[in-house]
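Structure assessment
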Amino acid sequence: MIFDCFAKELIDYDEINTSPKKKLRYSFQAFMDGLISFPLNIPGTAYHACLKGRKNALKVIKDKLIARRKAPAKSEKDHDFLDDLLKEVDNEDSILTEEIAIDMIFVLLFASHETTSAAVTLAVKFIADHPKVLDELTKEHEAILKSRDDKNSELTWQEYKSMTFTHMVINETVRLANIVPGIFRKALKDVEINGYTIPAGWLVMVVPAVVHLSHGKYEDPLEFNPWRWEGKELHAGSKTFMAFGGGVRLCVGADFAKLQMAIFIHHMVTKYRWRVTKGGDIIRKPGLIFPNGLHIKIAQK
Ligand code: HEM
């Protein structure tokens, strides 16, 4: 659902009505599955499928771009991110080229869909497993509804900002989830660390899970305990919290992902009750995978 929504907003791509074999999502799936794999490019390997998935996805995006050049959006209603990018490509002073625009859309589709959907799925599971968390969330969100002047209003930005406990739940979910298994940096100069030297030019892979699940950094690190965030900074990365990375390369979609999660939680806890009926096992491949899905029985409150 999240992928379909993104593909529509970015390039007006209709995933639902595309034939199964041509679905962009499957190209991304193959790309993801072989992203961290032995680089053996022969048919049948995950690496080969990964390269093929990337090629197919880039072709779909390029075809969209060519088609849009021929038939630009007619009205504001039809306008999407691709139109904005093409406007920028055509700007004389711009450094953006059509190739960069295609890569950008590819990266956004890749970076956005699996991450947010895995986080939302895990939040559903964690909340179902922890009734006290559900109670606290329900209190927070019902208070928002009660204090509204206009009962028909949608969620407002101010209301979103007031969801302190929800943000604690989101942080705790992504801390345990470690959705992105590794963050990469390059040493620009020799770096001395604990008696070792990382030579200039070396690639460093930071593994957030090592920090997030460390007994030295978090008490009972494997426990889902949103209250551990009480009084702590909830909206920035740090040396002990890097679910969205950190520094200048901090995830550009972090706020958007958290907003999506908060809106989802708002509707879930104010309108529904659910319980897990099947699945919920998790494996890493290297992203989070639910091999048997997460089946829930859901009913209106
Ligand atoms: C729960 C959801 C998400 C998680 C856990 C997540 C996590 C991350 C992490 C760990 C990084 C690496 C940051 C670093 O190197 O310091 C990253 C980068 C990035 N993310 Fe996300 N992300 C999420 C959702 C999104 C969404 C919704 C978008 C797009 C709308 C997005 C777009 C990006 C992009 C473009 C980068 C590359 C930024 C750069 O290198 O400058 N992410 N994300």
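What counts and how
- Counting from 1, residues in each chain are numbered in the order their sequence is written.
- Reporting of local features is limited, given that this is a predicted model, to residues whose pLDDT is at least 70; pairs of side-chain atoms are given and counted only at 80 or more, and all residues count toward the totals for whole chains, interfaces and linings.
- Water and hydrogen atoms were dropped before computing side-chain values, which therefore reflect all heavy atoms in the structure.
- What makes a residue near a molecule or strand is one non-hydrogen atom of that residue sitting within 4 Å of it.
- Side-chain atoms alone can form a polar contact between residues adjacent in sequence; in general such a contact is a pair of N or O atoms within 3.5 Å, and within protein one must be able to donate a hydrogen while the other accepts it.
- Numbered from the N terminus, helices here are DSSP runs of H or I no shorter than four residues, and strands are runs of E no shorter than two.
- All residues other than Ala, Val, Leu, Ile, Met, Phe, Trp, Tyr, Cys, Pro, Asp, Glu, Lys and Arg, Gly among them, are scored as polar; the first ten of these are nonpolar and the last four charged.
- Salt bridges are identified by distance alone: a Lys or Arg side-chain nitrogen within 4 Å of an Asp or Glu carboxyl oxygen.
- When accessible area is computed with a 1.4 Å probe and restricted to protein chains, residues below 20% of their type maximum are described as buried, those above 50% as exposed, and intermediate ones as partly exposed.
- Working definition: rings of Phe, Tyr and Trp (its six-membered ring) pair if their centres are within 6.5 Å, and the pair is stacked with planes under 30 degrees apart, edge-to-face with planes over 60 apart, and tilted otherwise.
- A score from 0 to 100, pLDDT tells how confident the predictor is in each residue.
- How far each domain reaches was decided by an automatic or database domain assignment.
- Any two residues having at least one pair of non-hydrogen atoms within 4.5 Å are treated as being in contact.
- Summed over both partners, the accessible area (1.4 Å probe) lost when two parts come together is defined as the buried area.
- To obtain an axis, a line is fitted to C-alpha atoms, over the contacting stretch when the element is a helix, and the angle between two such axes runs from 0 to 180 degrees between their N-to-C directions.
- Roughly parallel means an angle under 35 degrees; roughly antiparallel means over 145; roughly perpendicular covers 65 to 115; every other angle is labelled oblique.
- Crossings are assigned a handedness: left-handed for a near helix turned anticlockwise from the far helix by less than a right angle, right-handed for a clockwise turn.
- The nonpolar core is taken to be a set of buried Ala, Val, Leu, Ile, Met, Phe, Trp, Tyr and Cys residues, with the residues joined through side-chain atoms within 4.5 Å.

This brings us to the site of the ligand. As a structural note, the neighbourhood of the ligand is formed by 21 residues, with Ile183, Arg185, Gly246, Arg249 and Cys251 the closest of them. Residue Ala111 places a main-chain N or O atom 3.5 Å away from a nitrogen atom belonging to the ligand. Put simply, the parts of the chain that give the shell around the ligand at least two residues each are helix 5 (98–129), strand 1 (183–186) and helix 10 (254–271). The greatest single-element share of the shell around the ligand, amounting to 7 residues, is contributed by helix 5. Taken together, the residues of the shell around the ligand sort by class into 13 nonpolar, 6 polar and 2 charged.

Right, let's get into the pattern of salt bridges. Counting across every chain of the model gives 12 salt bridges. Ionic pairing is found between Lys59 and Asp63, a salt bridge with its closest N-O pair at 2.9 Å. Placement of the pair is Lys59 and Asp63 together in helix 3 (residues 46–70), with a separation of 4 residues, close to one helical turn. A salt bridge links Glu98 to Arg69; its shortest N-O distance comes to 2.9 Å. Of this pair, Glu98 sits in helix 5 while Arg69 sits in helix 3, and the two are 29 residues apart along the sequence. In this structure Arg69 comes out as partly exposed when scored by relative accessible area, which is 33%. One network of salt bridges, with partners in common, ties together Arg68, Asp80 and Asp83.

The next subject is the packing of aromatic side chains. For any two aromatic rings, the description comes down to two numbers: the centre-to-centre distance and the angle of the planes. Applying the stated rule across the entire model yields 10 aromatic pairs. Relative to Phe241, the ring of Trp229 has its centre 4.9 Å away and its plane inclined at 70°; by these criteria the two rings are edge-to-face. With Trp229 in the loop between helix 9 (208–212) and helix 10 and Phe241 in the loop between helix 9 and helix 10, this residue pair connects regions lying 12 residues apart in the sequence. Of the two residues, Trp229 and Phe241, neither departs from the other in class, the shared state being buried. A connected cluster of aromatic rings, assembled from ring pairs, spans Phe3, Phe28, Phe31, Phe106 and Phe110.

For the chain, the average pLDDT comes to 92, and 100% of its residues sit at 70 or higher. The least confident element of the chain is helix 1 (residues 2–11), whose mean pLDDT is 84; the most confident is helix 8 (residues 164–177), at 98.

When its domains are assigned, the chain resolves into domain 1 (1–96) and domain 2 (130–301). Relative placement of domain 1 and domain 2: their C-alpha centres are 27 Å apart. Contacts between domain 1 and domain 2 engage 4 residues on the former and 4 residues on the latter. Between domain 1 and domain 2, the buried area comes to about 460 Å², and carbon and sulfur atoms account for 68% of it. For domain 1, the biggest contributors to the area lost against domain 2 are Phe6, Asp33 and Ile36; these three give 70% of the whole. At the boundary of domain 1 with domain 2, the tally comes to 0 salt bridges. Counting across the domain 1 and domain 2 interface gives 0 residue pairs in polar contact (both at pLDDT 80 or more). Considered class by class, the residues forming the side of domain 1 that touches domain 2 number 3 nonpolar, no polar and 1 charged.

The next subject is the environment of Ser162. Tracing the chain through its elements places Ser162 in the loop between helix 7 (157–161) and helix 8. Aside from chain neighbours lying at most four places away, what touches Ser162 is Glu140 and Ile144.

Further remarks concern the packing of helix 8 against helix 10. Packing of helix 8 against helix 10 leaves a shortest axis separation of 10 Å and a crossing angle of 120°. With respect to their mutual orientation, helix 8 and helix 10 come out oblique. Viewed along their axes, helix 8 and helix 10 form a crossing whose handedness is right-handed. Listed contacts from helix 10 to Thr166, Ile170 and Thr173 of helix 8 are Lys258, Met261, Ala262 and Ile265. For the contact of helix 8 with helix 10, the per-class residue count stands at 4 nonpolar, 2 polar and 1 charged.

Moving on: the nonpolar core. Counting 39 residues, the largest nonpolar core has Ile127, Leu137, Val169, Ile179 and Trp274 as its most contacted members. Secondary-structure elements contributing two or more residues to this core are helix 5, helix 6 (131–146), helix 8 and helix 10. The element that contributes the greatest number of residues to this core is helix 5, accounting for 8 residues. Aside from chain neighbours lying at most four places away, what touches Trp274 is Val124, Ile127, Ala128, Leu134, Met268, Val269, Ile296, Lys297 and Ile298. One finds Ala7, Ala57, Leu65 and Ile105 within the second-largest nonpolar core, a separate group that totals 25 residues.

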